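Tertiary structure, described
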Protein chains: 2
Amino acid sequence: MTHNYKIEFEKFFSYSLSVDCLIFGFEEGEIKLLLIKRNMDPFKGDWAIPGDLVYPEEDLEEAASRILFDLTNIKNIELHQSQTFGKPDRHPQGRVITCAYFAMVKIDEVNAIASSWANEVKWVPIQRIPKLAFDHNEIFNSSLELLKIKLSNEPICFDLLPDKFTLNELQQLYEYAYKVNLNKANFRKKIKPIPLIEHNEKQKNVKHRPAKLFSFDEHKFERLVNQRNFRFKM
Amino acid sequence: MTHNYKIEFEKFFSYSLSVDCLIFGFEEGEIKLLLIKRNMDPFKGDWAIPGDLVYPEEDLEEAASRILFDLTNIKNIELHQSQTFGKPDRHPQGRVITCAYFAMVKIDEVNAIASSWANEVKWVPIQRIPKLAFDHNEIFNSSLELLKIKLSNEPICFDLLPDKFTLNELQQLYEYAYKVNLNKANFRKKIKPIPLIEHNEKQKNVKHRPAKLFSFDEHKFERLVNQRNFRFKM
DNA sequence: GGACTTATTGTAAATAGTAAAATAATTAAT
DNA sequence: ATTAATTATTTTACTATTTACAATAAGTCC
């Protein structure tokens, strides 16, 4: 930092900062991303990742949290910082640097949607994301890569699944994320070390043998991580 | 982006952006970080990660690249984006958001050091990083975590090692990074799939049986990745 | 040559991963 | 009620990989 801030103040303190918040969900075997339809220029009418400028007194993560809340009414969930994008010409109206965050929500718990933000929102399967506004396709791609890395090293798959889920749903999530087919019996062997709560309840309204419902045992997981040196690995 | 930029221009386009560049090297069995001693306020005299404001027409990565060059004369090496830090009060002189990058250099090829930047620079083993200026300890910690993840998934260890290295040096690098002891025989078995060029040359000036020297076979590696679906995994 | 240090190879046991078959629970038709 | 069909779940056998440990080979230094 060799610059004299007094002299160069105007030149350097003239950037703007935004945060884009990728909201992922899981439904019917597909991981989905919440997109908004922009209701103002630039890129009016285009689909985009929700985002907003960061307020002067606001931390980056706070801003992402605010965007998430405005759109979904969800509070207090983990936000994962992704990459930051700052090409000088990425925003037509000035030098706007954007920092991407992503959140993972239980899609069945999200109802309140569409606000002052955008007149339209929709969940789009991540394998069928359309052309987006700004450099949002690039932001999506790099964030998805990060999501995939975290899915294989941290138990964040359970943030996407409903509170009670079947083992098949868990498997489908990984199959969709990595575009692979997994052997069912082996998958179950592999997830054996992960502490799950087995419910007496079963799947309903299916026309075949219903599967048992499970929940992630977060407390037991924490204990395992701290006491033995257990590591989540998929 | 629901804001009217015309009206709120002054309020929002008043941030500054900096880039911090963590430069990692490997020497005598230790992974080291290049630190500078600040020669101006704030935090004058404190050790810090090298960084500078981003110029108006400059991309983030370009800025990181410039910092790296000013300090080491090294050009055209890969820069890895780490996390971005933007707490409103992180910089005493205004709202400065900083985006961290890290680079990995061959420490023996870096000589030119100390510039207009700082009157003092030094390589510090990453297990003995002192209290740093600003929030630089936080930046270092999160970047180190990312470095460790990349070390286990990409062949970037060879960016740290000299062009010709011994297998022991390679092992020491991983042992130091993850603070573990590895079995020599098994380590050599594990790295078997990685394509290395075996030189006729041997280690010199050691008072024991000299080890063979190896280089990373980048071309063969690329071919493996593309043709079969080979993955680097440590 | 002999002591010493490190490199390199070998082997057996333990662990993890894979494929396929067997069994259980449910719905729906007969 | 019996049976077929479908899917969930468990079991078994097999294969490959990882780990631990021992043995041997190849240099340096005196």
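Conventions adopted
- Residues numbered from 1 in each chain as written.
- Chains lettered and ligands numbered in written order.
- Predicted model: local features only at pLDDT ≥ 70, side-chain atom pairs only at ≥ 80, totals over all residues.
- Heavy atoms only, no water.
- Helix = DSSP H or I, 4+ residues; strand = E, 2+ residues; numbered from the N terminus.
- Buried < 20%, exposed > 50% of the residue type's maximum accessible area, 1.4 Å probe, protein only.
- Contact = heavy atoms within 4.5 Å.
- Areas by Shrake-Rupley, 256 points an atom, 1.4 Å probe, with all protein chains shown as cover.
- Lys, Arg positive; Asp, Glu negative; His and termini not counted.
- Charge placed at Lys NZ, Arg CZ, Asp CG, Glu CD.
- Patch = residues over 30% accessible without salt bridge, like charges linked within 9 Å, V, L, I, M, F, W, Y side chains within 5 Å.
- Salt bridge = Lys/Arg side-chain N within 4 Å of Asp/Glu carboxyl O.
- Near = heavy atom within 4 Å.
- Polar contact = N/O pair within 3.5 Å; in protein donor to acceptor, adjacent residues only side chain to side chain.
- Core = buried A, V, L, I, M, F, W, Y, C linked by side-chain atoms within 4.5 Å.
- Phe/Tyr/Trp six-rings, centres within 6.5 Å; stacked < 30°, edge-to-face > 60°.
- Pairing = 2+ DSSP bridges.
- Nonpolar A, V, L, I, M, F, W, Y, C, P; charged D, E, K, R; others polar.
- Domains from an automatic or database assignment.
- Buried area = accessible area lost by both parts, 1.4 Å probe.
- Axes fitted to C-alpha atoms, helices over the stretch in contact; angles between N-to-C directions.
- Left-handed = near helix turned anticlockwise from the far one by under 90°.

1. Focus: the overall build of chain A
Helix and strand counts for chain A come out as seven helices and nine strands. For the C-alpha atoms alone, the extent of chain A along its principal axes is close to 70 × 45 × 30 Å. Counting across all 234 residues of chain A, residues that qualify as buried make up 52%. Intrachain contacts of chain A at a sequence separation of at least 6 include 66% that bridge at least 24 residues. Carbon together with sulfur atoms contributes 47% to the accessible area of chain A, which is approximately 11,900 Å² in total. Taking the average place of the 34 positive charges on the side chains of chain A and the average place of its 33 negative ones, the gap between the two points comes to 9 Å.

2. Remarks on a positive patch on the surface
Together, Lys190, Arg231 and Lys233 of chain A together with Lys190, Arg231 and Lys233 of chain B make up a positively charged patch on the protein surface. Along the chain, Arg231 of chain B falls in the segment after helix 7 (218-227). Given a relative accessible area of 59%, Arg231 of chain B falls into the exposed group.

3. Some remarks on the protein's contact with DNA strand C
The immediate surroundings of DNA strand C are formed by 17 residues, with Lys189 and Arg209 of chain A together with Asn168, Lys184 and Arg188 of chain B found nearest. Near-protein atoms of DNA strand C (within 4 Å) split between backbone and bases, with sugar and phosphate holding 60%. Between DNA strand C and Arg188 of chain B there is a distance of 2.7 Å, counted from a phosphate oxygen to a side-chain nitrogen or oxygen. In the model, a base oxygen of DNA strand C is placed 2.8 Å from a nitrogen or oxygen of the Lys189 of chain B side chain. Broken down by secondary-structure element, the contributors of at least two residues to the surface near DNA strand C are helix 6 (184-190) of chain A together with helix 6 (184-190) of chain B. The dominant element in the surface near DNA strand C, judged by the number of residues it contributes, is helix 6 of chain B, at four residues.

4. Section: the nonpolar core
Of all hydrophobic cores here, the largest spans 54 residues; its most connected members are Val19 of chain A together with Val19 and Ile23 of chain B. Once residues within four sequence positions are removed from consideration, Val19 of chain A is found in contact with Pro50, Gly51, Asp52, Val54, Leu60, Ala63, Ala64, Ile67, Thr98, Cys99 and Tyr101 of chain A.

5. So, the packing of aromatic side chains
Residues and elements named next belong to chain B. Taken as a whole, this structure holds 14 aromatic pairs over all chains when the rule is applied. Between the aromatic rings of Phe43 and Phe134, the centroid separation amounts to 4.6 Å while the plane-to-plane angle is 55°, which identifies the pairing as tilted. Here the residue Phe43 occupies a position in the loop between strand 2 (30-37) and strand 3 (47-48), and Phe134 occupies one in the loop between strand 7 (120-125) and helix 3 (136-153), the gap between them amounting to 91 residues. A ring pair is formed by Phe158 and Phe216, whose centres lie 4.2 Å apart and whose planes are at 5°; its orientation type is stacked. Remark: Phe216 occurs in strand 9 (residues 212-216) and Phe158 occurs in helix 4 (residues 157-160); sequence separation between them is 58 residues.

6. With respect to the pattern of salt bridges
Residues and elements named next belong to chain B. Within this structure, the stated rule accounts for 18 salt bridges over all chains. Salt-bridge contacts for Asp52 lead to Arg66; the nearest nitrogen and oxygen are separated by 2.9 Å. One end of the pair, Asp52, is in strand 4 (residues 51-53); the other, Arg66, is in helix 2 (residues 60-72), and 14 residues separate them in sequence. Neither residue differs from the other here; Asp52 and Arg66 are each classed as buried. Put simply, Asp135 and Arg90 hold a salt bridge, and the shortest N to O gap is 2.8 Å.

7. Some points on the pairing of strand 1 (residues 16-27) of chain B
Residues and elements named next belong to chain B. Burial within strand 1 is extensive, with eleven of its twelve residues counted as buried. Pairing geometry for strand 1 and strand 6 (residues 96-104), over nine bridges, is parallel. Each bridged residue has a counterpart across the sheet, and for Phe24 the counterpart in strand 6 is Met104. Bridge analysis of strand 1 against strand 4 gives three bridges, and the strand direction is antiparallel. Bridge pairing in strand 4 links Asp20 to Gly51. Taken together, strand 1 and the strand that follows it, strand 2, pair antiparallel across an intervening segment of two residues, in which Glu28 is found at a positive phi of about 50°.

8. Overview of the protein's contact with DNA strand D
Neighbouring DNA strand D are 19 residues; Asn168, Lys184, Arg209 and Lys212 of chain A together with Asn186 of chain B lie closest to it. Lys184 of chain A is positioned such that a nitrogen or oxygen atom in its side chain is 2.6 Å from a phosphate oxygen of DNA strand D. Class assignment for the residues of the surface near DNA strand D results in five nonpolar, five polar and nine charged.

9. What to know about the domain arrangement of chain A
All names here are of chain A. According to the domain assignment, chain A consists of domain 1 (15-153) and domain 2 (161-227). The C-alpha-based centres of domain 1 and domain 2 are spaced at 28 Å. Counting from both sides, the interface comprises 13 residues of domain 1 and, opposite them, eleven residues of domain 2. Carbon and sulfur atoms supply 60% of the area buried between domain 1 and domain 2, which totals about 1,200 Å² over both sides.

10. Structural notes on the packing of helix 3 (residues 136-153) of chain A against helix 5 (residues 167-178) of chain A
A pair of packed helices is captured by two measures, namely the crossing angle of their axes and the spacing between those axes. All names here are of chain A. Put simply, helix 3 and helix 5 touch, their axes get as near as 11 Å, and they point 145° apart. In this structure, helix 3 meets helix 5 at a crossing whose hand is left-handed. Residues Lys148, Leu151 and Ser152 of helix 3 form the contact with helix 5, whose participating residues are Leu173, Tyr174, Ala177 and Tyr178. Here the contact of helix 3 with helix 5 is composed, by residue class, of five nonpolar, one polar and one charged.

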